[in-house]
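Inside the fold
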Amino acid sequence: MLALMVVGLGILEGGKLFGPAGLRSMAFQLPELGFLALAMMIPMLSGGIDLSIIATANLCALVIAYMLTSWIPGTHGVVWGLIQAGALFVGLLLAALVGLLNGVLVAYLRVPPMLATLGTMTAVKGLAIGFSHGNVITGFPEPVVFIGNGSLLGVPIALIIFVIVVIPLSIFVNKTPLGSAIAMIGSNERATRYSGIDTRRSLVWVYLLSALLSGVAGVIMMARFNSANASYGESYLLIAILAAVLGGVDPLGGFGKVSGVILSLVILQLMSTASILLDLSQFITLALWGAILILVSGSVVLKDWISARSKTSSKVAKT
């Protein structure tokens, strides 16, 4: 799919899309969606889902924005730098608490992940709107804005942060006992529990990691827009699910790789940027994303069905 898109879009808009300006634009936009897609991937790997990632990101951003715009000291020295770092820490801590709540609901109270995260999504968004009165908070200090708009040797800072997080996350998912336990839970939670793995603690970690990744996405969004609001990025929920499924994460859990999600992010970012260059309506782009999600999900079911039929036919032939 990526190869076909590169060839086709290269013919239509190659000069603009793959020129320095086009690549730079995609590099600035990809990290925020990337963090949200990874935040969706971890719960899906365990056989669940986290619908609260956007609400968590926005609440984290709003709390940080409020602290940065309300606690401005008279000087801009060390104290101001500590306040900025403290604001980021408090925002991420709040995101972690939301993830901890999700984990407890799913792991210990046995609430289905979709219902648990739907409830926290609604509650967190309500808190965010009540906290900000639905207003936009803007006007952040230069170091924070630099996170979303600055560059180092021509590479966006947000993209550097994304790469720094992606590498250990990929190792965690594929090489660590907890990462293996998460995938095993997605394949068969009961068998995983009988094998001696504490599935409840593992599930708490799943939603805690998801919320922390969402919080980082919220920081990058508020830094790039230089503003925070309770309604930012609501369309990203569909794209995060699409990126995870398109990247090879089994919707039923048990299998998924970070590298596949990264590849799907590149495809979706190319499609988004190309739609802007081709002057396509935003709603047409959303419709295309939805159609791709249906096709990919359908292909997963079709592949399983073909595999099951071929195994049955093989057994019959041997008999």
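What you are looking at is a predicted structure, and each value in this text was computed from that prediction instead of being measured.

1. A few points about the overall build of the protein
Summing up its helical and strand segments, the protein has 13 helices and 4 strands in all. Its C-alpha radius of gyration of 21 Å places the protein within 12% of the 20 Å reference for a compact globule of 319 residues. With the principal axes as the frame, the protein shows a C-alpha extent of 85 × 55 × 35 Å. Taking the contacts inside the protein whose residues are at least 6 apart along the sequence as the reference set, 78% of them involve residues at least 24 apart. Side-chain charges of the protein comprise 16 positive and 10 negative groups, with the mean position of each set lying 14 Å from the other.

2. Quick look at the packing of helix α3 (residues 53–70) against helix α5 (residues 113–132)
A pair of packed helices can be characterised by two numbers: the angle between their axes and the separation between those axes. Packing of α3 against α5 brings their axes to within 9 Å, and their N-to-C directions diverge by 25 degrees. With respect to each other, α3 and α5 are oriented roughly parallel. The two elements α3 and α5 cross, and the hand of that crossing is left-handed. Where α3 approaches α5, its residues Ala55, Thr56, Leu59, Leu62, Val63 and Tyr66 are matched on the opposing element by Met121, Val124, Lys125, Ala128, Phe131 and Ser132.

3. Thoughts on the pattern of salt bridges
Considering all chains together, one arrives at 3 salt bridges under this definition. When the shortest N-O distance is used, the salt bridge between Arg110 and Glu189 registers 3.1 Å. Of this pair, Arg110 sits in the loop between α4 (78–107) and α5 while Glu189 sits in helix α9 (residues 189–194), and the two are 79 residues apart along the sequence. Given a relative accessible area of 21%, Glu189 falls into the partly exposed group.

4. Description of unusual backbone geometry
Despite not being glycine, Arg110 has its phi angle at roughly 60 degrees, a positive value. Despite not being glycine, Asn226 shows a phi value in the positive range, around 55 degrees.

5. Topic: the packing of aromatic side chains
Scanning all chains against the criterion turns up 3 aromatic pairs. Ring geometry for Phe35 versus Phe162: centroids 5.2 Å apart, planes at 85 degrees, classification edge-to-face. Of this pair, Phe35 sits in helix α2 (residues 20–45) while Phe162 sits in helix α7 (residues 157–175); the two residues are 127 residues apart in sequence, bridging distant segments of the chain. Looking at Phe162, the relative accessible area reads 4%, which means it is buried. Between Phe225 and Tyr232, the aromatic rings sit 5.5 Å apart at their centres with planes inclined by 80 degrees, giving edge-to-face as the arrangement. Given a relative accessible area of 34%, Phe225 falls into the partly exposed group. Its relative accessible area of 23% is what places Tyr232 among the partly exposed residues.

6. Side note on the nonpolar core
Grouped together as the largest cluster of nonpolar side chains are 64 residues, with contacts concentrated most on Leu38, Met40, Ile53 and Leu265. If you tally residues by element for this core, the top one is α2, at 13 residues. Ignoring sequence-local partners within four residues, the contact set of Leu38 consists of Phe162, Val166, Leu169, Leu213, Val258 and Val261. Listed in part, the 27 residues of the second largest apolar core include Ala61, Leu68, Val98 and Val219.

7. Notes on the environment of Leu30
Turning to its location among the elements, Leu30 is positioned in helix α2. On a C-alpha basis, the gap between Leu30 and Ile262 in space is 9.6 Å, while along the polypeptide they are 232 residues apart. The contacts of Leu30, once residues within four sequence positions are left out, are Leu159, Phe162, Leu265, Val266 and Gln269.

8. Quick notes on a nonpolar patch on the surface
Together, Phe89, Val90, Leu93, Leu97, Leu100, Val104, Tyr108 and Leu109 give the surface a local cluster of nonpolar side chains, amounting to about 730 Å² of exposed area. By the secondary structure assignment, Leu93 is in helix α4. By relative accessible area, Leu93 is classed as partly exposed at 42%.

Each value, and the rule that gives it
Residues numbered from 1 in each chain as written. Predicted model: local features only at pLDDT ≥ 70, side-chain atom pairs only at ≥ 80, totals over all residues. Heavy atoms only, no water. Helix = DSSP H or I, 4+ residues; strand = E, 2+ residues; numbered from the N terminus. Rg over C-alpha atoms; globule rule 2.2 N^0.38 Å. Contact = heavy atoms within 4.5 Å. Lys, Arg positive; Asp, Glu negative; His and termini not counted. Charge placed at Lys NZ, Arg CZ, Asp CG, Glu CD. Axes fitted to C-alpha atoms, helices over the stretch in contact; angles between N-to-C directions. Parallel < 35°, antiparallel > 145°, perpendicular 65-115°, else oblique. Left-handed = near helix turned anticlockwise from the far one by under 90°. Salt bridge = Lys/Arg side-chain N within 4 Å of Asp/Glu carboxyl O. Buried < 20%, exposed > 50% of the residue type's maximum accessible area, 1.4 Å probe, protein only. Phe/Tyr/Trp six-rings, centres within 6.5 Å; stacked < 30°, edge-to-face > 60°. Core = buried A, V, L, I, M, F, W, Y, C linked by side-chain atoms within 4.5 Å. Patch = residues over 30% accessible without salt bridge, like charges linked within 9 Å, V, L, I, M, F, W, Y side chains within 5 Å. Areas by Shrake-Rupley, 256 points an atom, 1.4 Å probe, with all protein chains shown as cover.

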